[in-house]
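# What the coordinates show
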Amino acid sequence: MLKVYGFPGSTCTRAVLCALHEKGAPYEFVNVDLTKGEHKAPAHVARQPFGVIPSIDHDGFTLYESRAITRYLDEVLPGASLTPKDPKQRAMMEQWISVESSYFTPSAMKAILNIWFASLKGGQPDKDVVAAGVAGIVPALDVLDRALADKEHLCGAFSLADIAYAPYLQYLHDMGIAGGVTERRHVAAWWARVSARPSWQKAITQKV
Ligand SMILES: N[C@@H](CCC(=O)N[C@@H](CS)C(=O)NCC(=O)O)C(=O)O
């Protein structure tokens, strides 16, 4: 049985879970409680040497890094492919995943983590840090909005590229800082389609 070591609220864990639900694959969820520091415990560091989540164990094959995990799962599990067959579309998928990890997520996470840690400690977020994070995603949102003007998903059918953005878009909405998304109509319509998928709804309601 495939084991996923993660935490339900974790962005990267959710991406992996979404891919698994798209595939309809059974899995065992092993909770690594970030709030208790379990990701830094030796047992987890043995699985993920950087002491972060998620990681997987697939019949003895262990792997970490969420984007590597989703690519692997898509390739080895039965079910509809989440990777375009056409080389150009596949290259576009890689381009969009790289845009996500290089130009979108670092700024999005600056804002998201600041709000998350503040709520964990019962304090207030640092408005300047949140504003800087929100401003930092504007160039990527502009580029995405232009790209999505004439398509439903980033590279033809729903793919790993769409999954890559979902965890951050979800938190931006949940935290009330998604103005940059809602005011760009093609990005907003894309997010409505992605977030309505049963796979995503299952990913964000994972229990420990
Ligand atoms: N590049 C890694 C990032 C993993 C990551 O940063 N995970 C977060 C949760 S979403 C984490 O474990 N944070 C705890 C920490 O940094 O101490 C991946 O894609 O798997």
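An account of the accompanying structure is given in this report. Computed from a predicted structure; not experimentally measured.

## Remarks on the site of the ligand
Around the ligand sit S10, T11, C12, L34, H39, K40, V52, I53, P54, E65, S66 and R67, and that is every residue in its neighbourhood. One of the side-chain nitrogen or oxygen atoms of R67 is found 3.3 Å away from an oxygen atom of the ligand. Expressed as a share of its isolated accessible area of 510 Å², the protein-covered part of the ligand is 70%. Within the residue set of the shell around the ligand, elements represented by two or more residues are α1 (11–23) and α3 (66–76). A per-class count over the shell around the ligand returns 5 nonpolar, 4 polar and 3 charged.

## Thoughts on a nonpolar patch on the surface
On the surface, L113, F117 and L120 cluster together into a nonpolar patch covering about 260 Å² of accessible area. One can find L113 in helix α4 (residues 87–121). In this structure L113 comes out as partly exposed when scored by relative accessible area, which is 34%.

## A closer look at the state of the cysteines
Overall, the coordinates contain 0 disulfides when judged by the stated rule. A disulfide-free cysteine, C12 has its sulfur positioned 13 Å from the sulfur of C18, the nearest such atom. Here C155 is not cross-linked by a disulfide; its sulfur's nearest cysteine counterpart is in C18, at 14 Å. A residue is classified by how much of its surface remains accessible, and C155, at 3% relative accessible area, is buried.

## Section: the packing of α4 against helix α5 (residues 127–136)
Contact geometry for α4 and α5: axes closest at 7 Å, N-to-C directions at 155°. By the angle class used here, α4 and α5 are roughly antiparallel. Of the two elements, α4 crosses α5, and the hand of that crossing is left-handed. Here Y103, S107, A108, K110, A111, N114 and I115 of α4 come into contact with α5, specifically with V129, V130, G133, V134 and G136. By residue class, the composition of the contact of α4 with α5 is 7 nonpolar, 4 polar and 1 charged.

## Some points on the nonpolar core
A general tendency of soluble globular proteins is for nonpolar side chains to be buried together. L20, F104 and Y165 are the most contacted members of the largest nonpolar core, which has 59 residues in total. Contributing elements (two or more residues each) for this core: α1, α3, α4, α6 (138–147), α7 (160–174), α9 (185–195) and α10 (198–203). Residue contributions to this core reach at least three from each of two domains, namely domain 1 (3–82) and domain 2 (87–201).

## Examining the side chain of T105
Its place among the elements puts T105 in helix α4. The residues contacting T105, other than those within four sequence positions of it, are R67, E100 and Y168.

## Some details on the environment of R14
In this fold, R14 is placed in helix α1. Linking R14 and N114, residues 100 residues apart in sequence, is a C-alpha distance of 19 Å.

## Re the sheet that holds strand β1 (residues 3–6)
With respect to topology, 4 strands assemble into an open sheet ordered β2-β1-β3-β4, the strand pairing being mixed. On the outer flanks of this sheet lie β2 (28–31) and β4 (61–64), each paired with one strand and no other. Sheet twist, expressed as the average angle between the axes of neighbouring strands with direction ignored, equals 20°. Looking at chain direction, strand β3 (residues 55–58) and β4 are connected through 4 bridges and run antiparallel. Counterpart to D57 in the pairing with β4 is T62. Each of β1, β2 and β3 touches α1; the most contacted strand, β1, lies at about 155° to it. Relative to β4, α3 is tilted by about 135°, and along the sheet it contacts β3 and β4.

Conventions we followed
Residues numbered from 1 in each chain as written. Predicted model: local features only at pLDDT ≥ 70, side-chain atom pairs only at ≥ 80, totals over all residues. Heavy atoms only, no water. Near = heavy atom within 4 Å. Polar contact = N/O pair within 3.5 Å; in protein donor to acceptor, adjacent residues only side chain to side chain. Areas by Shrake-Rupley, 256 points an atom, 1.4 Å probe, with all protein chains shown as cover. Helix = DSSP H or I, 4+ residues; strand = E, 2+ residues; numbered from the N terminus. Nonpolar A, V, L, I, M, F, W, Y, C, P; charged D, E, K, R; others polar. Patch = residues over 30% accessible without salt bridge, like charges linked within 9 Å, V, L, I, M, F, W, Y side chains within 5 Å. Salt bridge = Lys/Arg side-chain N within 4 Å of Asp/Glu carboxyl O. Buried < 20%, exposed > 50% of the residue type's maximum accessible area, 1.4 Å probe, protein only. Disulfide = S-S within 2.5 Å. Axes fitted to C-alpha atoms, helices over the stretch in contact; angles between N-to-C directions. Parallel < 35°, antiparallel > 145°, perpendicular 65-115°, else oblique. Left-handed = near helix turned anticlockwise from the far one by under 90°. Contact = heavy atoms within 4.5 Å. Core = buried A, V, L, I, M, F, W, Y, C linked by side-chain atoms within 4.5 Å. Domains from an automatic or database assignment. Pairing = 2+ DSSP bridges.

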